[in-house]
Amino acid sequence: MSFNKIIAVMIAALSLAACGTAPKFQERRAAVAPETFSLGASPVLQQTNHMTQHLNAEKTIVYTQPFGGGGVALGLLGPFGVAANIAMIETVTKADTDKLFGKVMIDPVQSFRLLADIKRVDLAGAGVANKLTPYLYVAKTRETTVSVAVGVLLDTGVPVPSRYVFQLPQTYSVEQLAALDAAGTDNLQQSVDLGFERLLYFFVKDIGAGADAEPKIQFKSEFVSPRFDFELQGSVADKGREVTWVRTYGAVFGLQNSTFTSKPLR
């Protein structure tokens, strides 16, 4: 299943939830001891489409954007309208990717490896069934704004990997991100390192039973569903002064508190 299909399935499930059908949120990891992982390159991260492309040759920085299409009205024109909508979005995605490719000078795998060692997450090497794929996720949340996040996919042999994503506080325009100077890159690198540190801190704790008891919420987040103003369902896995970890269908997101709204699910 491709990266965008996972996102599409997740949003579709959340939309069904709004109609009264509860989705199944990503579960906590099973408790095993000793717990070891290997670094991998999940096939999910390798695939691209009209909304999603890579920003580096290593395919560890992923860019996604849903803007440029003709909206619902164009979709009502049937298959030709859908094809035209896809082509319009693809044009914007390609233009953005052309500006950004090779310009984000961050190595998410190196950063993750360093922080995994500090956090004593055992990356035992090849041959271990549990594979972790770290990546940088760049998402256009508005037509003039992109957000950056660190993420990791956990492949355990099931069809859909678990997905952990931590939203960084910085936002940029496409042009700003493409023109980062040395100081800007250093600032982003520090934020990426801190992001992986906080992601791993949560990842290590997110284990065992008990997720069903987490407070259920409805929330809106441009980062989780850019362009579409959906009211989504989730549960609060952890809450801090700056960041809330929201468990939802197909992922757990560490969201900056200033970027989303929520209310108890009744």
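Criteria and cut-off values
- Residues numbered from 1 in each chain as written.
- Predicted model: local features only at pLDDT ≥ 70, side-chain atom pairs only at ≥ 80, totals over all residues.
- Heavy atoms only, no water.
- Helix = DSSP H or I, 4+ residues; strand = E, 2+ residues; numbered from the N terminus.
- Expected span 1.5 Å × (residues − 1).
- Buried < 20%, exposed > 50% of the residue type's maximum accessible area, 1.4 Å probe, protein only.
- Polar contact = N/O pair within 3.5 Å; in protein donor to acceptor, adjacent residues only side chain to side chain.
- Contact = heavy atoms within 4.5 Å.
- Axes fitted to C-alpha atoms, helices over the stretch in contact; angles between N-to-C directions.
- Parallel < 35°, antiparallel > 145°, perpendicular 65-115°, else oblique.
- Left-handed = near helix turned anticlockwise from the far one by under 90°.
- Nonpolar A, V, L, I, M, F, W, Y, C, P; charged D, E, K, R; others polar.
- Salt bridge = Lys/Arg side-chain N within 4 Å of Asp/Glu carboxyl O.
- Pairing = 2+ DSSP bridges.

A. Broad picture of helix H7 (residues 182-205). With 24 residues, H7 should reach 34 Å at 1.5 Å per residue; the first-to-last C-alpha distance of 35 Å fits that figure. Residues Gly-184, Thr-185, Leu-188, Ser-191, Val-192, Gly-195, Phe-196, Leu-199, Leu-200, Phe-202 and Phe-203 constitute the buried set of H7. Where H7 begins, the capping side chain belongs to Asp-181, and its oxygen is found 3.3 Å from the backbone nitrogen of Ala-183.

B. View of the side chain of Thr-97. With respect to the helices and strands, the residue Thr-97 is situated in helix H4 (residues 79-100). With relative accessibility at 9%, the residue Thr-97 sits in the buried group. Polar side-chain contacts of Thr-97 include one of 2.7 Å to the backbone oxygen of Thr-93. When residues no more than four places from it in sequence are discounted, the contact partners of Thr-97 are Gln-53, His-54, Leu-55 and Tyr-63.

C. Geometry of the packing of helix H5 (residues 108-118) against H7. Between H5 and H7, the shortest axis-to-axis distance is 9 Å and the interhelical angle comes to 50 degrees. The orientation of H5 relative to H7 falls into the category oblique. The two elements H5 and H7 meet at a crossing, and its hand is right-handed. Counted together, Pro-108, Ser-111, Phe-112, Leu-115 and Ala-116 of H5 and Gln-189, Val-192, Asp-193, Phe-196, Glu-197 and Leu-200 of H7 form the full contact between these two elements. Taken together, the residues of the contact of H5 with H7 break down into seven nonpolar, two polar and two charged.

D. Spotlight on unusual backbone geometry. Non-glycine residue Lys-59 carries a positive phi angle of around 60 degrees. Here Lys-59 shows up in the loop between strand E2 (52-54) and strand E3 (61-64). Although it is not a glycine, Arg-227 adopts a positive phi angle of roughly 80 degrees. Inspection of the secondary structure puts Arg-227 in the loop between strand E7 (216-221) and strand E8 (232-239).

E. Spatial organisation of the pattern of salt bridges. Applying the stated criterion across every chain, the model contains 15 salt bridges. Linking Arg-247 and Glu-214 is a salt bridge whose minimum nitrogen-to-oxygen distance equals 2.9 Å. Residue Arg-247 is located in strand E9 (residues 243-248), and its partner Glu-214 is located in the loop between H7 and E7; the two are separated by 33 residues in the primary sequence. Side by side, Arg-247 and Glu-214 carry an identical accessibility label, which is buried. It is possible to trace a salt-bridge network through shared partners that takes in Arg-28, Asp-206, Glu-214 and Arg-247.

F. Molecular detail of the pairing of E8. Sheet analysis places E7 next to E8, joined by four bridges and oriented antiparallel. For Gln-218, the partnering residue across the bridge sits in E8 and is Gln-233. Of the pairings in the sheet, the one linking E8 to E9 comprises four bridges and is antiparallel in character. In the strand pairing of E9, Val-236 is matched with Val-246.

G. Geometry of the environment of Leu-194. Turning to its location among the elements, Leu-194 is positioned in helix H7. In this structure, the C-alpha to C-alpha distance between Leu-194 and Leu-115, residues 79 residues apart in sequence, is 8.7 Å.

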